[in-house]
Amino acid sequence: MDTSLLKKAYSPEAFREQGHRLVDLLADHLTDTSSGKSNKTIAWNLPEKEHEYWADFLENGNEQNFFQTVIARTTHVHNPKYMGHQVAPTAPMAALAGLLSSFLNNGMAVYEMGMSSSAIERIVTDLLCKKIGFTTSARGFLTSGGTLANLTALLSARKAQVEHDVWISGHGEPLGVMVSEEAHYCVDRAARIMGLGEQGIIKVPVKTDYSMDTSKLEACYQKAVEDGIRIFAIVGSAPSTATGIYDDLDEIAKFAQKHGLWFHVDGAHGGAAIFSKKYSSTVKGIECADSVVIDGHKMMMMPIITTALLFKNGGHSHTTFSQKADYLLEQAEGEDWYNLAKRTFECTKTMMSLYWFILFKTYGNAIFDEYVTHQYDLGQRFGKIIQENPDFELAVPPASNIVCFRYITDSLSDDELNILNKTIRKALLEDGEFYMVQTTLKGIHYLRCTIMNPFTTEVHLAQLLQKIKKTAKEIELSRV
Ligand SMILES: *Cc1c(COP(=O)(O)O)cnc(C)c1O
């Protein structure tokens, strides 16, 4: 058998040469984007065209150009004019930890397949538990995303709260969870995966500021009980994704305690506010939660995808998935915190603890205080700039770095404004200088910015508003 290809693929010299080249490319990319030198956040292309391009590249392209071509043809989260979805512009050091994980490829399911990264995972999750305000009996682990972490938390909640063990005996009585109607869709999805069905997702209405209306909790609960549903958990959003508004965690905690419910905090986006001296009050009450989710790849500057799931009572962190798998999982005497697949949904996962550790070790907790506070400050500032501008209207004064607003003009109805704002967003996407997204709240179409980038300034925000206004005028003119 000729193994020349394998020798080529594992050549240390080729790796060294290409690795240096890639780091140089990314460092140049960081310079060009963060300095504002590059004039596009996204070079928009239709899916069919992009598909065509890459199909052709596979046949005719030069692989020496692959890295730079991908960089050029993708969305630039390090550009200060990137204000779109909630993914962080990766801190370079954390990206390097990602490379290390990709190369070493320890599978993390059992201690032997990731000794350092398993021990490190214990250290970073302990650190997060402490910062939340949990005691030393708290435990956590890392998993692949907020979606999976929320599902895992609700599975743990059901295991802990419901006497009839669904894990062993299948479904018994109808079960339900309570959550705000503005919560991330993955909570609804998790409940459906768990077989709770539509009836098992009790959606609590929101107030005018889009936070959970806690005055309605008791009535929602009683109605569900009358319908024969056993509620076992309630989820607070910190904050909710569309609006960036936090639920009142203190109030939800009180309600959960009154009815003996599991209290889960979905802090995928804003749980990181535990590190901000100025904004930690947004998550007041988080220390009362039974479980908390915090995404590393959102407000903690890490590569996609890594999420911490933290339990107030550490005992719950390893009882969710009780299974035998003799080829992998040994029965243990004590708490074998280091055999992570017993706790996680995944079997194999990346050595994601490295991203967390390198940032904590290199820059200390202070970097997360700086990041969250700086981004949230800018969100508040953007809210004020919009409020002072008669051409724009805020959906709600921002409580974080998520800002929803729309372009307005007296001559148009809400329906017409919805169409206009949708058209503006499409035009801006195709233009590509800025990248922002959109959402609909109570039937009104809003433009939505999440200010993720540490290099974004008020100047960029003012330029965005100017561009939107100019675009709106052009759209209106083209209609006449
Ligand atoms: C982003 C988000 C999620 C989903 O997390 P992923 O890491 O994208 O799976 C869940 N809940 C909230 C509140 C979010 O903002």
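The model shown is predicted, which means the values in this text are computed figures rather than measured ones. (Residues numbered from 1 in each chain as written. Predicted model: local features only at pLDDT ≥ 70, side-chain atom pairs only at ≥ 80, totals over all residues. Heavy atoms only, no water.)

## Some details on the site of the ligand
Neighbouring the ligand are 15 residues, the closest being Gly146, Thr147, Asp266, Asp295 and Lys298. Contact between the ligand and Lys298: an oxygen atom at 3.0 Å from a side-chain N or O atom of the residue. Within the complex, the protein chains bury 88% of what would otherwise be the 380 Å² of accessible surface of the ligand. Broken down by element, the shell around the ligand gets its largest block of residues, three residues, from helix H7 (residues 146–161). Class assignment of the residues belonging to the shell around the ligand gives a composition of three nonpolar, nine polar and three charged. (Near = heavy atom within 4 Å. Polar contact = N/O pair within 3.5 Å; in protein donor to acceptor, adjacent residues only side chain to side chain. Areas by Shrake-Rupley, 256 points an atom, 1.4 Å probe, with all protein chains shown as cover. Helix = DSSP H or I, 4+ residues; strand = E, 2+ residues; numbered from the N terminus. Nonpolar A, V, L, I, M, F, W, Y, C, P; charged D, E, K, R; others polar.)

## Overview of helix H6 (residues 115–132)
Taking 1.5 Å per residue as the helical rise, H6 with its 18 residues ought to reach 26 Å, and the 26 Å between its terminal C-alpha atoms agrees with that figure. If you follow the buried residues of H6, they end up packed against strand E1 (139–143), strand E6 (291–295), strand E7 (307–311) and helix H12 (353–363). Positioned one or two residues after H6, Gly133 has a phi angle of 110°, which is positive. (Expected span 1.5 Å × (residues − 1). Contact = heavy atoms within 4.5 Å.)

## Let's talk about the pairing of strand E11 (residues 444–450)
Buried residues dominate E11, accounting for seven of its seven residues. Residues Ile444, Tyr446, Arg448 and Thr450 line one face of E11 and the alternating positions His445, Leu447 and Cys449 line the opposite face, and both faces are buried. Sheet topology note: the strand E9 (residues 402–407)/E11 ladder contains four bridges and is antiparallel. The partner of Phe405 across the bridge, within E11, is Leu447. Across five bridges, strand E10 (residues 437–441) lies against E11 in antiparallel orientation. (Buried < 20%, exposed > 50% of the residue type's maximum accessible area, 1.4 Å probe, protein only. Pairing = 2+ DSSP bridges.)

## Examining the sheet that holds strand E3 (residues 201–204)
What the seven strands build is an open sheet, ordered E1-E7-E6-E5-E4-E2-E3; its pairing is mixed. In the strand order of this sheet, the two ends are held by E1 and E3, each with one partner. Mean inter-strand twist for the sheet, computed between neighbouring axes without regard to direction, equals 20°. Direction of pairing for strand E5 (residues 262–266) relative to E6: parallel, over a ladder of three bridges. Bridged to Val265 within E6 is Val292. In this fold H6 packs onto E1, E6 and E7, with an angle of close to 120° to the strand it touches most, E1. Sheet strands touched by helix H9 (residues 185–193): strand E2 (175–180), E3, strand E4 (230–237) and E5. Its angle to E3, the strand with the most contacts, is close to 160°. (Axes fitted to C-alpha atoms, helices over the stretch in contact; angles between N-to-C directions.)

## Here we look at the domain arrangement of the protein
Once the domains are mapped, the protein shows domain 1 (106–363) and domain 2 (367–478). Taking the mean C-alpha position of each, domain 1 and domain 2 sit 31 Å from one another. Each partner contributes to the interface: domain 1 provides 31 residues, whereas domain 2 provides 24 residues. Contact between domain 1 and domain 2 buries roughly 2300 Å² in total, counting both sides, with carbon and sulfur atoms accounting for 67%. Its largest share of buried area at the contact with domain 2, domain 1 owes to Tyr210, Tyr279 and Met299, together 27% of the area lost on that side. Between the two partners, domain 1 and domain 2, sit two salt bridges. Here domain 1 is connected to domain 2 by nine residue pairs in polar contact (both at pLDDT 80 or more). Tallied by class, residues from the side of domain 1 that touches domain 2 come to 17 nonpolar, eight polar and six charged. (Domains from an automatic or database assignment. Buried area = accessible area lost by both parts, 1.4 Å probe. Salt bridge = Lys/Arg side-chain N within 4 Å of Asp/Glu carboxyl O.)

## What to know about unusual backbone geometry
Residues Ala238 and Pro239 are joined by a peptide bond in cis, for which omega reads -10°. Relative to the elements of secondary structure, Pro239 occurs in the loop between E4 and helix H11 (249–259). For the bond running from Ile304 to Ile305, omega is 10°, close enough to zero to count as cis. Despite not being glycine, Asn105 shows a phi value in the positive range, around 55°. With respect to the helices, strands and loops of the structure, Asn105 is situated in the loop between helix H5 (92–104) and H6. Among the residues examined, Asn105 registers a relative accessible area of 57% and is labelled exposed. Non-glycine residue Tyr210 carries a positive phi angle of around 70°. Within the secondary structure, Tyr210 sits in the loop between E3 and helix H10 (217–226).

## So, the nonpolar core
Within soluble globular proteins, side chains that are nonpolar generally end up buried alongside one another. The biggest cluster of nonpolar side chains holds 98 residues, and the ones touching the most others in it are Met178, Phe232, Ile234, Phe263, Met300 and Trp356. Counting residues per element, this core draws most heavily on H7, which supplies six residues. Discounting residues that sit within four places of it in the chain, Met178 has contacts with Ile202, Val204, Leu217, Cys220, Tyr221, Ile231, Ala233, Ile234, Val235 and Phe255. (Core = buried A, V, L, I, M, F, W, Y, C linked by side-chain atoms within 4.5 Å.)

## Some details on the packing of H12 against helix H13 (residues 366–387)
The geometry of a pair of packed helices is captured by two quantities: the angle between their axes and the separation between those axes. Two elements in contact, H12 and H13, have axes separated by 8 Å at closest approach and are oriented at 100°. With respect to each other, H12 and H13 are oriented roughly perpendicular. Every residue of H13 that contacts H12 at Leu359, Phe360 and Tyr363 is listed here: Ala366, Ile367 and Phe368. Its residues placed into classes, the contact of H12 with H13 shows six nonpolar, no polar and no charged. (Parallel < 35°, antiparallel > 145°, perpendicular 65-115°, else oblique.)

## So, the sheet that holds E9
What the four strands build is an open sheet, ordered E8-E9-E11-E10; its pairing is antiparallel. The sheet is open, and its two edges are formed by strand E8 (392–394) and E10, each paired on a single side. Neighbour to neighbour, the strand axes of the sheet diverge by 40° on average, direction disregarded. Two strands pair when backbone bridges link them, and E8 and E9 are joined in this way by three bridges, in the antiparallel orientation. When the sheet's bridge partners are listed, Glu393 is paired in E9 with Arg406.

## Comments concerning the pattern of salt bridges
Pairing between side chains of opposite charge can happen when the charged atoms of each approach one another. Taken as a whole, this structure holds 30 salt bridges when the rule is applied. Between Asp369 and Lys277 there is a salt bridge, and its shortest N-O distance comes to 2.8 Å. Residue Asp369 is found in helix H13, and its partner Lys277 is found in the loop between E5 and E6; the two are separated by 92 residues along the sequence. Owing to a relative accessible area of 12%, Asp369 belongs among the buried residues under this scheme.

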